[in-house]
Amino acid sequence: MTSRRFHDRVERDVPAMLEIRGLDVSYGAIRALREVDLDVNAGEIVAIVGSNGAGKSTLLRTISGLVRPRAGKIVFESRPIVGFKPHRIVAMGISHVPEGRRIFTDLTVWENLALAAQFRKPSTFDQDLETVCRWFPRIRERLKQSAGTLSGGEQQMLAIGRAIMARPKLLLLDEPSLGLAPNLVKEIFRILQDINRAGTTVCLVEQNAHMALEVAHRAYVLETGQVALSGPGRELLDDPRVQAAYLGG
Ligand SMILES: Nc1ncnc2c1ncn2[C@@H]1O[C@H](COP(=O)(O)OP(=O)(O)O)[C@@H](O)[C@H]1O
Ligand SMILES: [Mg+2]
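In short, a report on the structure. For every chain, the first residue of the written sequence is number 1, and numbering continues from 1 onward in sequence order. Key to labels: chains lettered from A, ligands numbered from 1, both in the order written. Restriction of local features to residues with pLDDT of at least 70 applies here, the model being predicted, together with a cutoff of 80 or more for giving and counting side-chain atom pairs; totals for whole chains, interfaces and linings are based on all residues. Side-chain metrics in this entry use all non-hydrogen atoms of the structure; hydrogen atoms and water are not considered.

### Details of the side chain of Arg-218
Here is the rule we go by: The secondary structure listing takes helices from DSSP runs of H or I that are at least 4 residues long and strands from runs of E that are at least 2 residues long, numbered from the N terminus. Polar contacts here mean pairs of N or O atoms no more than 3.5 Å apart (in protein, one a potential hydrogen donor and the other a potential acceptor; neighbouring residues in sequence count only if both atoms are side-chain atoms).
One can find Arg-218 in strand E9 (residues 218–223). Only 3.1 Å separates the side chain of Arg-218 from the side chain of Tyr-220, close enough to count as a polar contact.

Printed below as a string of structure tokens:
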């Protein structure tokens, strides 16, 4: 266990895939993130847990270029990306599954996936669609169905599938378990672990701290915009402070 002052960045020769230093984000007078330092190493699942309003979504939205920080740096594969447009950040290999899924409910499942691929080479569409259907067999069965008829869990799978169409190196997920029944949460997290093992780095944000800490290699606890704790997921799961604040322990 380490405090935010003694950052637990794994000592290694290669720099982290994603390196965030001194990140400050404000919405007018509201300071949403303060001096956030965070690393995501290639191959990891990193979880960011914290209560409602802690700044979790803001952090992901800032990485994706949807929100511009007031200060600090974000370096992805050794390139500073602050100021880059969201589509450019996607093209570099960062895909974001937003909170609330944001799928097009009037379109079919296939059309939702096709839209995600519209800026990419058409030659890879079939292959990318096949990849998504392999991870999510439920999606394959429902390609012609209107996305609005999917269950909440299936809509979350579609949202993840859409992000995967861009062949991300780093997949950002905002509250993938929100509003889902426990068995579906388990299914989605199992698939996310499989996707991770197959080579995609994952950074996920969750209020559902238990599930997130169980699957995460490392995790950060965000409190009112600041990193309060960080360490291996398992260690945080056993930490009395985390149990008291986030696990109802
Ligand atoms: N678009 C916005 N305009 C103003 N304040 C915002 C906006 N989005 C988030 N906030 C505020 O920033 C803080 C962090 O919010 P958010 O990142 O959504 O937290 P979380 O995802 O952890 O619930 C909260 O105080 C929230 O009210
Ligand atoms: Mg949020």
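### Focus on the sheet that holds strand E8 (residues 201–206)
Keep this limit in mind: Strands are labelled as partners when DSSP assigns at least two bridges between them. Between N-to-C directions, angles cover 0 to 180 degrees, with each direction set by a line fitted to C-alpha atoms, over the stretch in contact for helices. Contacts between residues were defined by any pair of non-hydrogen atoms, one from each residue, lying within 4.5 Å.
The strand order E6-E7-E8-E3-E9-E10 describes an open sheet built from six strands, whose pairing is mixed. Both outer strands of the open sheet, strand E6 (94–97) and strand E10 (226–232), are each paired with one neighbouring strand and no more. Strand-to-strand twist across the sheet, computed as the mean angle between neighbouring axes with direction ignored, equals 15°. Looking at chain direction, E6 and strand E7 (residues 170–174) are connected through four bridges and run parallel. Looking across to E7, one finds that His-96 is bridged to Leu-172. Along the sheet face, helix H1 (residues 56–63) touches strand E3 (45–49), E6, E7, E8 and E9 and points at about 150° away from the line of E7. Running at roughly 150° to E8, helix H7 (residues 182–197) makes contact with E3, E7 and E8 of the sheet.

### Looking at helix H3 (residues 109–116)
Test applied: Burial here depends on accessible area, computed with a 1.4 Å probe over protein chains only, as a share of the maximum for the residue type. Under 20% is buried, over 50% is exposed, and the range in between is partly exposed. The arc under discussion is defined with respect to the helix axis, by the directions toward the C-beta atoms.
Along H3, the residues that are buried comprise Val-109, Asn-112 and Leu-113. With its buried residues spanning 95° around the axis, H3 presents them on a single face. Buried residues along H3 sit in contact with helix H4 (125–135), helix H5 (137–141) and helix H6 (152–164).

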